[in-house]
Amino acid sequence: MQGFDYMGPYAYSVTITTAKRQKAFVSQAIVAEVHEALTEAAALHDFEIRAYCFMPDHLHLLMEGSEGSSLIRMVKRFKQLSAHRYRNWVGRSLWQRSYYDHLLGSDEEAGRAAGYIWDNPVVAGLVDDRSEHPFSGPREAMGPDRPEGLSLQRFRNAAGVLHKVAGGSGTAADVFPDARGRFGPFGGKFVPETLSGALDELERAFAAAQDDPAFHAELDALLHDFVGRPTPLYFARNLSARIAGTTAGDTPRVRVYLKREDLAHTGAHKINNAVGQALLARRLGKQRIIAETGAGQHGVATATVCAMFGLECIVYMGEEDVRRQALNVFRMKLLGGEVRVVTSGSRTLKDAINEAIRDWVTNVETTHYLLGSAVGPHPYPLLVREFQSVIGTEAREQVLAVEGRLPDYAVACVGGGSNAIGLFHPFYHDASVRFIGVEAAGEGVESGHHAATLVGGKPGVLHGSYSYLLQDENGQVEETHSISAGLDYPGVGPEHAFYKESGRAQYVAATDAEALDGFRLLSETEGIIPALEPSHAIAYVAKIAPELPDGTVVLLGLSGRGDKDMDTVARALGVDLS
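Residue numbers run consecutively from 1 along every chain, following the written order of its sequence. Thresholds applied to this predicted model are a pLDDT of at least 70 for local features of residues and 80 or more for the giving and counting of side-chain atom pairs; totals over whole chains, interfaces and linings are not thresholded and use all residues. Values shown for side chains rest on all heavy atoms present in the structure; no hydrogens or waters enter the calculation.

**Re the overall build of the protein chain**
Consideration 1: Within the protein chain, the regular secondary structure consists of 21 helices and 18 strands.
Consideration 2: Note on exposure labels: buried denotes an accessible area under 20% of the residue type's maximum, exposed denotes more than 50%, and partly exposed covers the range between, all computed with a 1.4 Å probe on protein chains only. Looking at the protein chain as a whole, 58% of its 578 residues qualify as buried.
Consideration 3: When checking whether two residues touch, look at their non-hydrogen atoms; a contact exists if any pair is within 4.5 Å. Counted over contacts in the protein chain with a minimum sequence separation of 6, partners at least 24 positions apart contribute 73%.
Consideration 4: Put simply, the protein chain shows about 23000 Å² of open surface, and 51% of that area lies on carbon and sulfur atoms. Secondary structure elements follow DSSP: runs of H or I of four or more residues count as helices, runs of E of two or more count as strands, with numbering from the N terminus. Computed with a 1.4 Å probe, the accessible areas rest on the Shrake-Rupley method; for each residue, only the protein chains presented here act as cover.

Printed below as a string of structure tokens:
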């Protein structure tokens, strides 16, 4: 920090990251265009750029403002002025201790990465033969003059290898998945040959869409006008006070913020991914859409986008879930979807996925499988994560706006894991933000009647991906139980398995009874009726809140609303609705 002690109390370090796969700051023309946009945005919002540095896929700024300067508005204006697409950003006050810790860690890691890449180019994955090593020095590898033949993905993979060799807890989330679709040891493609071509086609289409400004413009417009984004970030004051108590000034000791995905069109986060995949299906020329559903929310979201795009829609749903989610079954049919009831196995989500995959194998030339969670073979965990990351990206800006800092905890329920990975992923680099995923303990993990895959399972292959799953000693998939249809699944997304193994996230479980308590707690304190899925997360936050330090900020993903669960909750509470 020497040389910057002249900067005043409104000085900030800002890091802005480019969208995944986008060609970044590798030419003087791009650097000049971005610098012009930065200069204009800074002037409009009373900031002065004191220093900046362009890296291959992000840029660092040192800026100084005034008491009335808004960092959020400045970055938002810069994004509007620049022709390029950016994934996320983070700003830190130079006068916070966290900034000094961040600076030291970043510089140390960057130096280690440069040295390692220079000394070990083959192991790092930058080149296949040492004689191909193109650098005149490590700074060239790290800076804007990166050789033309060196792909950004290989550079990221190299940083990942460095982290592993150096004994780090994992790599940056945007390093993964690698070219094989792996998150560390997890993920991959374990599918019949019939589906390999379709998955490769989908991967190519997704990569092309990520580089297509027209695709992003249409997706952003639909998310805003059709889905209703951004969804609000709501300070649950009454809930916070109830579970953690208040200070002498009647202020809640712990502040819980709800990311309100229940207010998105169709009532849950599932619509984010459904819209994105429907656009990909249209790009591929596939007019027939199949999907699986447990709680019915993904089925409703799929039927909704199919109605809008004029696509044929078939949804597979287990017989048990059809019974407990009758309202959503009716909604799917009303939207023009065909619901095919699955009577095999446990008659829940796992079996619905089995039948959907069988359909896809038979009709692969004409059909797109609109998978609803961050599970399955590559590239599904990647593309579902990317389409759901809008949750965490919005939440980041929103919590910075109201708190002036990042949350201490990000908490979400985990079944397959799409809403949780969407909330967690944009905060991956922020070590101060602790991730907690809450699974379904059912009647208790010890009872064997649960769906807590990461808490009570072990690695194996399910539905085309290597991840954690619930299996017996012979490797057979075990039946699961949860009061929540959306969490009643014996597997989990491979990125969550990686987060668990690397220590980046903690995974816990809440029982049916605790979820019902969470359901009633939020309803009674805030007038918000949650789905049973996020009720598990609410229950866990209520459990730990009394022990959290004063001033703790908790970001909780409210993934859906509870209309669909009224019958289930009434039966569980002994209430006769007839």
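From this point, things continue past the structure.
**Observations concerning the side chain of His-450**
Consideration 1: By the secondary structure assignment, His-450 is in the loop between β14 (434–442) and α17 (453–456).
Consideration 2: Overall, the relative accessible area of 7% leaves His-450 in the buried class.
Consideration 3: When neighbours within four sequence positions are excluded, His-450 is seen to be in contact with Ala-440, Ala-441, Gly-442, Gly-444, Val-445, Gly-456, Leu-470, Thr-480 and His-481.

**Re the packing of helix α6 (residues 193–210) against helix α13 (residues 349–362)**
Consideration 1: Here α6 crosses α13 at 85°, and the two axes come no closer than 9 Å. If you check the angle between α6 and α13, you find them roughly perpendicular. Residues Thr-194, Leu-195, Ala-198 and Leu-199 of α6 form the contact with α13, whose own contacting residues are Ile-357, Trp-360 and Val-361.
Consideration 2: In the contact of α6 with α13, the residues fall into six nonpolar, one polar and no charged. Only the stretch in contact is used when fitting a helix axis, every axis being a line fitted to C-alpha atoms; angles between N-to-C directions are given from 0 to 180 degrees. Working definition: roughly parallel below 35 degrees, roughly antiparallel above 145 degrees, roughly perpendicular at 65 to 115 degrees, and oblique for all remaining angles. The residue classification treats Ala, Val, Leu, Ile, Met, Phe, Trp, Tyr, Cys and Pro as nonpolar and Asp, Glu, Lys and Arg as charged. All others, Gly included, are polar.

**Some details on the side chain of Ser-346**
Consideration 1: With respect to the secondary-structure elements, Ser-346 resides in the loop between β11 (338–342) and α13.
Consideration 2: Any pair of N or O atoms that falls within 3.5 Å is considered a polar contact. Within protein, one atom must be able to donate a hydrogen and the other to accept it, and sequence-neighbouring residues count only if both atoms are side-chain atoms. A polar contact of 2.8 Å, which involves the side chain of Ser-346, links it to the side chain of Thr-348.
Consideration 3: Contacts of Ser-346, omitting those with residues within four sequence positions, involve Glu-320, Asp-351 and Glu-479.

**A word on helix α7 (residues 213–227)**
Along an α-helix, residues three or four apart share an orientation, since each turn contains 3.6 residues.
Consideration 1: End to end, α7 covers 20 Å across 15 residues, agreeing with the expected 21 Å (1.5 Å per residue, within 8%).
Consideration 2: Among the residues making up α7, those that are buried are Phe-215, His-216, Leu-219, Leu-222, Leu-223 and Val-227. Projected onto a plane normal to the axis of α7, the buried residues spread over an arc of 130° and lie on a single side. With respect to the buried face of α7, the exposed residues turned more than 90 degrees away are Pro-213, Ala-214, His-224 and Asp-225.
Consideration 3: Against the buried residues of α7 lie α6, α9 (270–284), α10 (297–309) and α14 (380–388).
Consideration 4: Where α7 begins, the capping side chain belongs to Asp-212, and its oxygen is found 2.9 Å from the backbone nitrogen of Ala-214.
Consideration 5: Of the residues flanking the end of α7, it is Gly-228, one or two places downstream, whose phi is positive at about 95°. In this analysis, the expected span of each helix is defined as 1.5 Å times one less than the number of residues it contains. The directions considered for the arc are those from the helix axis to the C-beta atoms.

**Focus on the nonpolar core**
Consideration 1: Buried Ala, Val, Leu, Ile, Met, Phe, Trp, Tyr and Cys residues that are joined via side-chain atoms within 4.5 Å together make up what is termed a nonpolar core. With 92 residues, the main nonpolar core has Trp-360 and Tyr-499 as its most contacted residues.
Consideration 2: Here this core takes eight residues from α9, the largest share from any one element.
Consideration 3: Ranked by size, the runner-up nonpolar core spans 26 residues in total, among them Ile-243, Ala-244, Val-554 and Leu-556.

**Structural notes on the sheet that holds strand β8 (residues 255–260)**
Sheet strands associate in pairs through backbone hydrogen bonding, adopting either a parallel or an antiparallel arrangement.
Consideration 1: With respect to topology, six strands assemble into an open sheet ordered β7-β8-β18-β13-β14-β17, the strand pairing being mixed. For this open sheet the edge positions go to β7 (233–235) and β17 (505–511), each flanked by a neighbour on one side alone. Neighbour to neighbour, the strand axes of the sheet diverge by 25° on average, direction disregarded.
Consideration 2: Each pair of strands is called paired provided DSSP finds at least two bridges between the two strands. Taken together, the three bridges between β7 and β8 define a ladder with antiparallel strand orientation. Each bridged residue has a counterpart across the sheet, and for Phe-235 the counterpart in β8 is Tyr-257.
Consideration 3: Those strands touched by helix α8 (residues 237–244) are β7 and β8, and its axis lies near 140° from that of β8.
Consideration 4: Lying on the sheet, helix α19 (residues 512–526) is in contact with β7, β8, β14, β17 and β18 (553–558); it crosses β17 at an angle near 90°.

**Quick notes on the pairing of strand β13 (residues 409–413)**
Consideration 1: Taking burial as the measure, the five residues of β13 include five buried ones, the bulk of the element.
Consideration 2: Taking every second residue as pointing to the same face, both faces of β13 are buried, with Tyr-409, Val-411 and Cys-413 on one and Ala-410 and Ala-412 on the other.
Consideration 3: Bridge count between β13 and β14: five bridges; the pairing is parallel. From the neighbouring strand, Cys-413 faces β14, where its bridge partner is Val-438.
Consideration 4: Once the chain exits β13 it traverses helix α16 (residues 418–424) before rejoining the sheet at β14, and the crossover so formed is right-handed.
Consideration 5: Sheet topology note: the β13/β18 ladder contains three bridges and is parallel. In the sheet register, Tyr-409 faces β18, and the bridge partner there is Val-554. If the strands point away from the viewer and the path from the first strand over the helix to the second runs clockwise, then the crossover is right-handed.

**Details of the sheet that holds strand β12 (residues 367–369)**
Consideration 1: With parallel pairing, the four strands of this open sheet are ordered in space as β11-β10-β9-β12. Where the open sheet ends on each side, the last strands, each with one partner, are β11 and β12. Ignoring strand direction, the axes of neighbouring strands in this sheet form an average angle of 25°.
Consideration 2: Its contacts with the sheet put α10 on β9 (288–293) and β10 (312–318), and the angle it makes with β9 is roughly 165°.

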